[in-house]
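# Notes for the structure review
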Amino acid sequence: MIDQNLVKSGKSGNIIREIAEYGAEQAKIVGADHVYNFTIGSPSIDPPDCVFETMAKLRAEISPAQLHTYAPAVGLPEVREKTAAYLRNTFGIPYRMQDVIITCGTSTCLAALTRVFLSCGGRAMTFTPYFMDYKYYADAYGDGLTECPTDPDTFQLDLAAAEKALTSDTMMLIMNSPNNPSGVVLRREGLEVLAKLLERKQEEYGHPIYIVADEPYRDLVYDGQEVVFLPSIYKNTIYCYSFSKSMSLPGERVGFMAFPPDLDDYDDVYSASVAAIRAFGYICVSNMWQRITAECLGATSDISIYKGNRDLLYGSLTEMGYTCVYPDGAFYLFMKTPEPDAEAFCRRAMKENLLVVPGDSFGTPGYVRLAYCVSRDVIERALPVFRKLAEEYGIAR
Ligand code: PLP
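Report follows, based on the coordinates. (Residues numbered from 1 in each chain as written. Predicted model: local features only at pLDDT ≥ 70, side-chain atom pairs only at ≥ 80, totals over all residues. Heavy atoms only, no water.)

## Quick notes on the pattern of salt bridges
- Scanning the model with the defined rule gives 26 salt bridges in all.
- Linking Arg200 and Glu163 is a salt bridge whose minimum nitrogen-to-oxygen distance equals 3.3 Å. Here Glu163 lies in helix α8 (residues 159-165) and Arg200 lies in helix α9 (residues 188-205), a separation of 37 residues in the sequence.
- The class of Arg200 is partly exposed, set by a relative accessible area of 44%.
- Looking at Glu163, the relative accessible area reads 33%, which means it is partly exposed.
- One salt-bridge network, held together by shared partners, links Glu163, Arg200, Lys201 and Glu204. (Salt bridge = Lys/Arg side-chain N within 4 Å of Asp/Glu carboxyl O. Helix = DSSP H or I, 4+ residues; strand = E, 2+ residues; numbered from the N terminus. Buried < 20%, exposed > 50% of the residue type's maximum accessible area, 1.4 Å probe, protein only.)

Set out below in structure tokens:
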């Protein structure tokens, strides 16, 4: 009588947390300075000033009882309107207040939409490498996740592979750019071809295929690389954003999803999403944090710090002899392991207190993910360990 899918999923654990916990134990033994922890994608830099200024302003202007009371289930109307206006002005899509739902980060969007599109037999598809939680949602509400490979040298879309992976059951395509775990930003050329392919497949299958654009890293790009706004090239796109990474507010649990007014089957998709959010209990996002983030829309933490980390880590590792796809955004580097078994590499690195996550968890064996949202000092101290490993594996230059 207990959902065995969930039992299996729950028992599979979370390798990132496990390695991070090992690191915390090691820090007690050898000292925190001798543990180099690149496992967790949690921002290490302060939120933008606007966050604290708005917090002070709200405290001065709104009574504590009002500021900390329940917000409406899907968001404060003024916050939904501000968000819609921001999206209209920034991307030119005519979102209305009622098209926006305020959520607990993009996790809520992903869980709810997976439930909506998969629980009646639909399938979800995503491109490798991908954020591991997509699989949890797909396993929990449906028949798993179709993993479509990308170009192995660039992690850009492989359209032939995409065409092969799509089936008449595909209801939902989860896209993530800038990408966790690779940091890759998907190029416009490939995305436009993908949009055309999906339009063709919708015709062929006789039902909509929805893109879920999971974009918590949209504002973390370092070289002016364009992050295509998917709703502007494919109308059946539900856009999901989070303040967890761009404003360094992961613990406050604020984000939103936006449904374009001309989405196919708008009423059903929207109503089912609201019901799914409600059924999960992901309702009434913090009243105060909704107001703060809406006031600061467009602001980011000082991402030049991440850029400095990216440059140092990418530059040093490739110089040492490691291979990594150049990460234009997010705060992750996906490094090819010098042996095919990434877990074996991780275990070897763990002996040196260097903590990284195997790419198998992201549907891509033979790589490790390094979250470089750490202090520069950690990177500087870890570099000799990377060099030692490169020498042991015989790849050092
Ligand atoms: N999507 C991706 C690709 C992520 O990396 C994360 C968090 O690490 C999330 C979604 C969920 O983030 P949140 O729920 O905090 O917005």
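## Details of the site of the ligand
- In the vicinity of the ligand lie 16 residues, with Ser107, Asp214, Tyr217, Ser242 and Ser244 positioned nearest.
- Separating an oxygen atom of the ligand from a backbone N or O atom of Thr106 is a distance of 2.8 Å.
- Between the ligand and the protein, one listed contact pairs an oxygen atom with a side-chain N or O atom of Ser107 at 2.5 Å.
- For the ligand, whose free accessible area comes to 390 Å², the fraction covered by protein is 92%.
- Looking at the shell around the ligand, the element that brings in the most residues is helix α6 (residues 105-118), giving four residues.
- Taken together, the residues of the shell around the ligand break down into six nonpolar, seven polar and three charged. (Near = heavy atom within 4 Å. Polar contact = N/O pair within 3.5 Å; in protein donor to acceptor, adjacent residues only side chain to side chain. Areas by Shrake-Rupley, 256 points an atom, 1.4 Å probe, with all protein chains shown as cover. Nonpolar A, V, L, I, M, F, W, Y, C, P; charged D, E, K, R; others polar.)

## Re the packing of aromatic side chains
- Under the criterion given, the structure shown has 28 aromatic pairs.
- When the centroid spacing of 6.5 Å and the interplanar angle of 20° are considered together, the rings of Tyr239 and Tyr241 count as stacked. Like Tyr241, Tyr239 is buried.
- Sitting over the ring of Tyr266, Arg96 keeps its end group 5.7 Å from the ring centre.
- Here the basic side chain of Arg348 rests over the ring of Tyr393, its NZ or CZ set 4.3 Å away from the ring centre. (Phe/Tyr/Trp six-rings, centres within 6.5 Å; stacked < 30°, edge-to-face > 60°. Lys NZ or Arg CZ within 6 Å of the ring centre and 35° of its normal.)

## So, helix α14 (residues 376-392)
- In a regular helix each residue adds 1.5 Å, so 17 residues correspond to 24 Å; α14 covers 25 Å between its end C-alpha atoms and thus fits that length.
- The axis of α14 is deflected most strongly, by about 30°, at Ala382, and proline Pro384 appears within four residues downstream.
- Within α14, the full set of buried residues consists of Val378, Ile379, Ala382, Leu383, Val385, Phe386, Leu389 and Ala390.
- Buried residues along α14 sit in contact with β1 (36-37), α12 (304-320), β9 (332-336), α13 (342-351), β10 (354-355) and β12 (367-371).
- In the stretch just after α14, Gly394 is the one whose phi turns positive, near 75°. (Expected span 1.5 Å × (residues − 1). Bend = angle between axes of the 7 residues up to and from the residue. Contact = heavy atoms within 4.5 Å.)

## As for the side chain of Ser177
- Its place among the elements puts Ser177 in the loop between β5 (170-175) and α9.
- Overall, Ser177 belongs to the buried group, its relative accessible area being 8%.
- Within the structure, the side chain of Ser177 is placed 2.9 Å from the backbone nitrogen of Leu186, a separation counted as a polar contact.
- In this structure Ser177 touches Val184, Val185, Leu186, Asp214, Glu215 and Val227, once residues within four positions along its chain are discounted.

## Looking at the sheet that holds strand β3 (residues 123-127)
- Strands sit in the order β2-β8-β7-β6-β5-β3-β4 across an open sheet of seven strands; the sheet is mixed. Unpaired on one side and paired on the other, β2 (100-103) and β4 (145-148) mark the two borders of the sheet. Adjacent strand axes in the sheet meet at a mean angle of 20°, parallel and antiparallel pairs treated alike.
- Both strand β6 (residues 210-214) and strand β7 (residues 237-242) contribute to a ladder of four bridges, which runs parallel. Within the sheet, the bridge partner assigned to Val212 lies in β7 and is Ile238.
- Here helix α10 (residues 266-280) sits on the sheet and contacts β2, β6, β7 and β8 (255-258); the angle it forms with β2, its principal contact strand, is near 15°. (Pairing = 2+ DSSP bridges. Axes fitted to C-alpha atoms, helices over the stretch in contact; angles between N-to-C directions.)

## Some remarks on the pairing of β4
- Taken together, the four bridges between β3 and β4 define a ladder with parallel strand orientation. Its bridge partner lying in β4, Thr126 is registered against Glu147.
- Crossover connection from β3 via helix α7 (residues 133-141) to parallel β4: handedness right-handed. (Right-handed = clockwise from strand over helix to strand, strands pointing away.)

## Brief notes about the side chain of Ser361
- You can see Ser361 is positioned in the loop between β11 (357-358) and β12.
- Looking at Ser361, its side chain comes within polar contact range of the main-chain oxygen of Pro358, at 3.0 Å.
- Residues within four places of Ser361 in sequence aside, it is in contact with Ile15, Tyr130 and Met132.

## Comments concerning the state of the cysteines
- Here the structure, examined in full by the defined rule, presents one disulfide.
- Between the sulfur atoms of Cys50 and its disulfide mate Cys296 the distance is 2.2 Å. Measuring the twist about the S-S bond at about -100°, one finds the Cys50-Cys296 disulfide to be left-handed. You can see Cys50 sitting in helix α3 (residues 49-61) and its partner Cys296 sitting in the loop between α11 (287-295) and α12, a full 246 residues away along the chain.
- Classification of Cys50 by relative accessible area gives partly exposed; the value is 21%.
- Look at Cys296 and you get buried, because its relative accessible area is 2%.
- For Cys104, which is in no disulfide, the shortest distance to another cysteine sulfur is to Cys284 and amounts to 9.3 Å. (Disulfide = S-S within 2.5 Å.)

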